[in-house]
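Tertiary structure, described
Listed here are the chains, written in short residue letters.
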Amino acid sequence: MNELAFQYQPVAALVAREPTWLEALIRWNLPDGTVRGPLEVLPHWLADNRQDVFTRFSIERVAAVLARYEAAQVSINLSPRQLVSPVTNGVLEGLLPHVASRLRIELTEQRFGDTRRLWSSIAAVRRLCGAVMLDDVTEADLRDRIPDGDMVDGVKVDRSVTLDLVEGRRRSRAERFIAELSKRFPIVVVEGVEDVSLCEHFATLGASHVQGFGIGRPSPEPVFTLGEPSLPVVEATAAKASRLNLGSLLLGGSDSELNA
């Protein structure tokens, strides 16, 4: 486990009512200097004989960051199989309340056959931490992954939807999709944002947050400084909101997509 580490990417708020947070992204640093991303990390570490150890490692590592930085909020990715594991509930129950309340869970898109068990686990985890969100949501996913009644706090829109918005493919349909999500959930994150000048448009559709290389790249340190080159020449209202929210993430006042 010593070869595993997280990088942290900002999820920037577009609205004043919601906080900016950091997503913890797993990396596997091999002795030869090779760094492997989640596509190579997860098949190995989520095998049956390693999953619980990996889950405990992930939650406890992020909890240590939250304990160190009292102003921070951090999300981690858990698969449905991880979420229903008794280990997950046990580790979360062992966290101090002021730590657990700032931990967010992003439920990944893998299918899980026992939906009743999954919904029950979501409800239990939701009581123990700050929020539970669905990761990489598409229109098809929304029909299948959420039961009647809102059992999660928000969704992260899949990058394919963002491409539709940016490149014009089925743009109107993508815009309607985000607008519909915003009526249902207080947290709607547009992922894969590379052009920060589009933030105002995303905000008008009802998105609460944005994430992507245009907002901030993953960093080994759980801090983020919003630099002027990241902003458009003429700041829109939403971009100003992003700056203000990101500014609050400068922990200590200094420069101190499992899925990206």
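Below is a short write-up of the structure. (Residues numbered from 1 in each chain as written. Predicted model: local features only at pLDDT ≥ 70, side-chain atom pairs only at ≥ 80, totals over all residues. Heavy atoms only, no water.)

**Focus: the environment of Leu 96**
Relative to the assigned elements, Leu 96 resides in the loop between helix H4 (86-93) and helix H5 (97-100). By relative accessible area, which is 52% here, Leu 96 ends up exposed. (Helix = DSSP H or I, 4+ residues; strand = E, 2+ residues; numbered from the N terminus. Buried < 20%, exposed > 50% of the residue type's maximum accessible area, 1.4 Å probe, protein only.)

**As for the packing of helix H8 (residues 159-167) against helix H9 (residues 171-184)**
Look at H8 against H9: their axes get within 8 Å of each other, and the N-to-C directions meet at 125°. As summarised for this structure, H8 and H9 are arranged oblique, according to the angle between their axes. Remark: the crossing between H8 and H9 carries left-handed chirality. Where H8 abuts H9, its residues Val 161, Asp 164, Leu 165, Val 166 and Glu 167 lie against Arg 171, Ala 174, Glu 175, Phe 177 and Ile 178. For the contact of H8 with H9, the per-class residue count stands at six nonpolar, no polar and four charged. (Axes fitted to C-alpha atoms, helices over the stretch in contact; angles between N-to-C directions. Parallel < 35°, antiparallel > 145°, perpendicular 65-115°, else oblique. Left-handed = near helix turned anticlockwise from the far one by under 90°. Contact = heavy atoms within 4.5 Å. Nonpolar A, V, L, I, M, F, W, Y, C, P; charged D, E, K, R; others polar.)

**Side note on helix H1 (residues 38-45)**
Since the α-helix turns once every 3.6 residues, residues separated by three or four places project in the same direction. Within H1, the full set of buried residues consists of Pro 38, Val 41, Leu 42 and Trp 45. For H1, the buried positions fall inside an angular range of 90° around the axis, keeping them on one side. In this structure, H1 carries Leu 39 and Pro 43 as exposed residues pointing more than 90 degrees from its buried face. Against the buried residues of H1 lie strand S1 (4-13), strand S2 (21-29), strand S3 (35-36) and helix H2 (51-68). (Arc of directions from axis to C-beta.)

**Some points on the pairing of strand S5 (residues 103-107)**
The buried fraction of S5 amounts to five of the five residues, a majority that puts the element mostly inside the structure. Burial along S5 is two-sided: Leu 103, Ile 105 and Leu 107 and Arg 104 and Glu 106, pointing in opposite directions, are all buried. In this structure, strand S4 (residues 74-78) lies alongside S5, joined through five bridges in parallel fashion. Each bridged residue has a counterpart across the sheet, and for Val 74 the counterpart in S5 is Leu 103. In this sheet, strand S6 (residues 131-137) lies alongside S5 in parallel orientation, the contact comprising four bridges. Residue Ile 105 lies in a different strand from S6, and its bridge partner there is Val 132. For the handedness criterion, the β-α-β arrangement of S5, helix H6 (residues 115-128) and S6 is classed as right-handed. (Pairing = 2+ DSSP bridges. Right-handed = clockwise from strand over helix to strand, strands pointing away.)

**Some details on the layout of surface pockets**
Space inside the largest pocket adds up to approximately 270 Å³. It is H8 that contributes the most residues to the lining of the largest pocket, four residues altogether. (1 Å grid on protein atoms, 1.4 Å probe; cavity = no way out; pocket = protein on both sides within 12 Å on 5 of 7 lines; lining within 4 Å. Points joined across faces, edges and corners; volume = space filled by probe spheres on them.)

**A closer look at the packing of H2 against H4**
Following both chains from N to C, one finds H2 and H4 inclined at 25°, their axes separated by 9 Å at the closest point. Relative to H4, the element H2 is oriented roughly parallel. Where H2 crosses over H4, the handedness of that crossing is right-handed. The residues of H4 that touch H2, namely those facing Asp 52, Thr 55, Arg 56, Ile 59 and Glu 60, are Val 87, Thr 88, Val 91 and Leu 92. Of the residues in the contact of H2 with H4, the class split is four nonpolar, two polar and three charged.

**Side note on the side chain of Gln 82**
Along the polypeptide, Gln 82 turns up in helix H3 (residues 80-84). Not counting residues up to four positions away in its chain, the partners in contact with Gln 82 are Leu 46, Gln 51, Phe 54, Thr 55, Asn 77 and Thr 88.

**Considering the pattern of salt bridges**
Tallying each qualifying case throughout the model produces nine salt bridges. Across the pair Lys 156 and Glu 23 runs a salt bridge, and its minimum N-O distance is 2.9 Å. With Lys 156 in strand S7 (residues 154-157) and Glu 23 in strand S2, this pair connects stretches of sequence that are 133 residues apart. Looking at Lys 156, the relative accessible area reads 0%, which means it is buried. With its nearest N and O atoms 3.1 Å apart, the salt bridge here joins Lys 156 to Glu 106. One end of the pair, Lys 156, is in strand S7; the other, Glu 106, is in strand S5, with 50 residues separating them in the sequence. On the basis of relative accessible area, Glu 106 is assigned to the buried category, the value being 0%. (Salt bridge = Lys/Arg side-chain N within 4 Å of Asp/Glu carboxyl O.)

**Examining the environment of Leu 181**
Along the polypeptide, Leu 181 turns up in helix H9. Residue Leu 181 is classed as buried on the basis of its relative accessible area of 1%. Sequence spacing of Leu 181 and Leu 142 is 39 residues, and the spatial spacing of their C-alpha atoms is 9.3 Å. Residues in contact with Leu 181, not counting those within four places in the same chain, are Leu 142, Val 155, Val 157 and Val 188.

Without other data, these values stay purely geometric and don't point to any function.
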